[in-house]
Amino acid sequence: MCVTLWILDATAIISGRFNYSRMMTIPEILEELKDEVSRIKLELMANVRVEMAREPFISQIIEIAKETGDIHKLSDSDIRLLAKALELHKKNQICLLTDDYSIQNVALYCNIPFMSVAKKGISKGFKWEKICIGCHTAVTSGDICPVCGSKVSIRRKKNEIR
Ligand SMILES: [Zn+2]
């Protein structure tokens, strides 16, 4: 694999394992790295370029994450990191470095190449579903079951692999 541009999430930066010539992240990820050790690691990685995510890519990622169910698991900076990857992946050969399964799952759906930092990455896509904790009905929207009024929990959907 000939990767030219590496996009890093917070765990990838904190790991301190990566020092490629072309690395990139978004400002929101840097804001997550408040502790001193992370900052020092970031300073050592002097060639990390920082760029803001843009529309329409942010909206596209939100739509895809709604479809896969990952929207419930992704933070705002996760969505923006994916949006940046989606934007750059159209013109560059990129690889997203992340251990977050929901980020990996959305990346998979968008055909964005990714690699795990420490954990073993997922190889197949999956969807999340909301299930009522009372009567086990699949709930499509909201956090309360329309059938029995119990709370819903999110779990990985079985047999939903593509
Ligand atoms: Zn219920």
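To keep things clear, this report deals only with the structure shown in the data block. (Residues numbered from 1 in each chain as written. Predicted model: local features only at pLDDT ≥ 70, side-chain atom pairs only at ≥ 80, totals over all residues.)

## Quick look at unusual backbone geometry
Thought 1: The amide bond that connects glutamate 55 to the next residue, proline 56, takes the cis arrangement and shows omega of 5 degrees.
Thought 2: Note on placement: proline 56 falls in the loop between β3 (48–50) and α4 (57–68).
Thought 3: Positive phi, normally seen in glycine, also occurs at asparagine 111, with a value near 60 degrees.
Thought 4: You can see asparagine 111 is positioned in the loop between α6 (101–109) and β5 (114–115).
Thought 5: For histidine 136, which is not a glycine, the phi torsion comes out positive at approximately 65 degrees.
Thought 6: Inspection of the secondary structure puts histidine 136 in the loop between β6 (128–132) and β7 (138–139).
Thought 7: By C-beta crowding, histidine 136 is classed as exposed, having 12 other C-beta atoms within 10 Å. (Helix = DSSP H or I, 4+ residues; strand = E, 2+ residues; numbered from the N terminus. Buried ≥ 20, exposed ≤ 12 C-beta atoms within 10 Å, placed from the backbone.)

## Observations regarding the sheet that holds β6
Thought 1: As summarised here, the arrangement of the 3 strands in space is β7-β6-β8, forming an open sheet in which the pairing is antiparallel. Looking at which strands have only one partner, the edges of the open sheet turn out to be β7 and β8 (152–156).
Thought 2: Taken together, the 2 bridges between β6 and β7 define a ladder with antiparallel strand orientation. Across the sheet, isoleucine 131 pairs through a bridge with alanine 138, a residue of β7. (Pairing = 2+ DSSP bridges.)

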